[in-house]
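Okay, here's what each chain looks like letter by letter:
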Amino acid sequence: MQSKYLKFNSQNKLLLIILSIFPFSLITGPLVPEIIILLINILFLINLIKIKISKIEKKILFFLFLWWLYLLLISLFSEEIFLSLKGTLFYFRYLIFASAIYYFYSKNISTIRYLISTIVFCFLILIIDSLIQFFLGKNILGYSKYGFIGNYEIIRLGSLFGDELILGSYLSKFFPFLILISFFLKDSLNKFLIFIICGLAIVVIFLSGERQAFYSTVIFLILLISIIDLKNIYFFS
């Protein structure tokens, strides 16, 4: 009989917790997220035989596999082969992880609220800490707004990421998810709060000095506004 901790469904409470805390783990550094990705991938592969995959999903998986092979092929023809292969050889683990995430939440849609709560919590912590860092010069951990030890001439907010300077990148990657989820919220107050948080997130992304993160966020918003019905953003009827 298979242990409940080896099952890939919502009955596995440990799995649910691990998936829910993943966004927070990214703030702690690379070690914890890599451990989580490894555990999720192993668990997903163990249960892969029992998982029913539609034809469309099979095509998507096949396309992702071809994309990985394409990246490997490019790496083999690069000037720094070993350096390039280092980044692409094990890239498949992210494809497996993305597939695992998709499958779990598509089959257990009600549990996504825990993931949303974690993302909102992380956004709030990073936004508050970043604004403290910007206005007071240092964040709650003592990191300077001019870099970890004040070694930048311009403001580069890092917040809890320290001198890694990926604050804008982190927020911009979860930003679309949070915005799109807000349209499915029925409670007007919760929807309003999410939009306020997202608005502040845009400000922090800009202040972080990461241009690519800011531009990608702006492009996403432009595309979103161009395709949605503006009535959907009304908070109160």
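Residues numbered from 1 in each chain as written. Predicted model: local features only at pLDDT ≥ 70, side-chain atom pairs only at ≥ 80, totals over all residues. Heavy atoms only, no water.

## Let's talk about helix 6 (residues 92–107)
How we decide: Secondary structure elements follow DSSP: runs of H or I no shorter than four residues count as helices, runs of E no shorter than two count as strands, and numbering proceeds from the N terminus. How far a helix is expected to stretch is found by multiplying one less than its residue total by 1.5 Å. Any residue under 20% of the maximum accessible area for its type is buried, any over 50% is exposed, and the rest in between are partly exposed; the area is computed with a 1.4 Å probe on protein chains only. Should any heavy atoms of two residues lie within 4.5 Å, those residues are counted as being in contact.
Between its first and last C-alpha atoms helix 6 spans 23 Å; for 16 residues at 1.5 Å apiece the expected length is 22 Å, and the two agree. Every buried residue of helix 6 is listed here: L95, I96, F97, S99, A100, Y103, F104 and Y105. For helix 6, the secondary structure elements touched by its buried residues are helix 1 (13–20), helix 2 (22–28), helix 3 (31–46), helix 4 (55–76) and helix 7 (112–136).

## Considering a nonpolar patch on the surface
How we decide: A patch consists of residues whose relative accessible area exceeds 30% and which take part in no salt bridge; residues with like charges are grouped when within 9 Å of each other, and nonpolar side chains (Val, Leu, Ile, Met, Phe, Trp, Tyr) when within 5 Å. The Shrake-Rupley method, run with a 1.4 Å probe sphere, supplies the accessible areas, and residue values consider only the shown protein chains as cover. For salt bridges, the criterion is a side-chain nitrogen of Lys or Arg within 4 Å of an Asp or Glu carboxyl oxygen.
A cluster of nonpolar side chains, namely I17, I21, F24, F121 and I125, defines an oily patch on the protein surface of about 440 Å² accessible area. Inspection of the secondary structure assignment puts I125 in helix 7.

## Considering the packing of aromatic side chains
Let me state the cut-off plainly: Between 30 and 60 degrees the pair is tilted, below 30 it is stacked and above 60 it is edge-to-face, where a pair is any two Phe, Tyr or Trp rings, Trp via its six-membered ring, whose centres lie within 6.5 Å.
Inspection of the entire model under this criterion finds 17 aromatic pairs. With a centroid separation of 6.2 Å and 85° between ring planes, the pair formed by F175 and F220 is classed as edge-to-face. Of this pair, F175 sits in helix 8 (residues 167–182) while F220 sits in helix 10 (residues 211–227), and the two are 45 residues apart along the sequence. F220 gets classed as buried once you look at its relative accessible area, which sits at 19%. Connected via pairs of aromatic rings, a cluster forms that spans F8, F44, Y103, F104 and Y105.

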